[in-house]
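Observations on the three-dimensional arrangement
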Amino acid sequence: MKRFPIQLIALLVFLCQVGLAQEVPFENEVKRISAKYDSLGWRQGATVFTGSSTIRMWSTLEETFPEESLINTGFGGSKASDLERHLFPLVIKFEPSRVFIYEGDNDLWAGVEVSDILTRLDNIVTRIHLINPDIEIFLIGAKPSPSRWEKKASYQIFNQKLSEYCRAKEKVEFVDVWKALTTSDGSPRPELYIQDQLHLNQDGYVIWAGIFEEYLKN
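Now for a look at the structure at hand. (Residues numbered from 1 in each chain as written. Predicted model: local features only at pLDDT ≥ 70, side-chain atom pairs only at ≥ 80, totals over all residues. Heavy atoms only, no water.)

1. Digging into helix α2 (residues 27-40)
Helix length check: α2 (14 residues) gives 20 Å between terminal C-alpha atoms against 20 Å at 1.5 Å per residue, within 8%. Within α2, the full set of buried residues consists of E29, V30, I33, S34 and Y37. Along the axis of α2, the buried residues cluster in a sector spanning 135°; they form a single face. Turned more than 90 degrees from where α2 packs its buried face, K31, R32 and S39 sit exposed. On its buried face, α2 is in contact with α3 (53-56), α4 (61-64), β2 (70-72) and α6 (87-90). Backbone geometry just downstream of α2 places G41 in the positive-phi region, at approximately 85°. (Helix = DSSP H or I, 4+ residues; strand = E, 2+ residues; numbered from the N terminus. Expected span 1.5 Å × (residues − 1). Buried < 20%, exposed > 50% of the residue type's maximum accessible area, 1.4 Å probe, protein only. Arc of directions from axis to C-beta. Contact = heavy atoms within 4.5 Å.)

2. Focus: the pattern of salt bridges
Scanning all chains against the criterion turns up ten salt bridges. Note that R120 is salt-bridged to E84, the shortest N-O span being 2.8 Å. In this pair, R120 sits in helix α8 (residues 114-131) while E84 sits in helix α5 (residues 80-85), placing the two residues 36 residues apart along the sequence. R120 gets classed as partly exposed once you look at its relative accessible area, which sits at 36%. Two residues, E214 and K217, come together in a salt bridge whose shortest N-O distance is 3.6 Å. (Salt bridge = Lys/Arg side-chain N within 4 Å of Asp/Glu carboxyl O.)

3. Examining the packing of aromatic side chains
Tallied over the entire structure, the rule returns 16 aromatic pairs. Centre to centre, the rings of F49 and F100 are 4.5 Å apart; their planes meet at 5°, and the pair counts as stacked. Taken together, the residues F49 in strand β1 (residues 47-51) and F100 in strand β3 (residues 98-102) connect sequence positions 51 residues apart. When sorted by exposure, F49 lands in the same class as F100, which is buried. An aromatic cluster is present here, built from F49, W58, F100, Y102, F138, Y205, W208, F212 and Y215 joined pairwise through their rings. (Phe/Tyr/Trp six-rings, centres within 6.5 Å; stacked < 30°, edge-to-face > 60°.)

4. Let's talk about the sheet that holds β3
As summarised here, the arrangement of the five strands in space is β2-β1-β3-β4-β5, forming an open sheet in which the pairing is parallel. Each edge of the sheet is formed by a strand with only one pairing partner; in this case those strands are β2 and β5 (172-175). Each strand axis lies, on average, 20° off the axis of its neighbour in the sheet, ignoring direction. The pairing of β3 with strand β4 (residues 136-140) spans four bridges and is classified as parallel. Along β4, the bridge assignment pairs R98 with E136. (Pairing = 2+ DSSP bridges. Axes fitted to C-alpha atoms, helices over the stretch in contact; angles between N-to-C directions.)

Dropping the structure here:
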């Protein structure tokens, strides 16, 4: 019987271990979210809120809008590429009538180019509308977090480009959250954020509730 060199065997074992260690980002969290709603049940035509931790941490979302059928699948510190990867279990499987998406914040902070973020978001929009072109999609602009203020210009460029993209697409609308979270002179409002100055506190989410109420009433 042919014998394999010990070095080759060691290499194969190493590669197997590396493969097992490289899990798909957020896979376990996405499975937990999917299983949660499988257990609770959902209604076809509900409204899905998804995206990064700003959505995940909106713990009062359902009670803020008790008359709405809402599903919150916000996950981790995700980027647009992560949502694209997990789009079926987080959005498509629920057969929603409306989808609110908050992605781009973490992408920008990680140095992802605005054009690359928009490409990912366009892929997401396209896949959703391939399933049902009547689904209303709301792309939420990046918020003005004090801890990320050094990249203010990048965030504002992204918001402008995202707004332009939405205006050019059917059934896609831009949600501006920047203005409501800044002062009259355009400065961020630290009192609306928790200690990390990145995530909104309850006062911040009260402001968000006022913004999203207009979209949910339509």
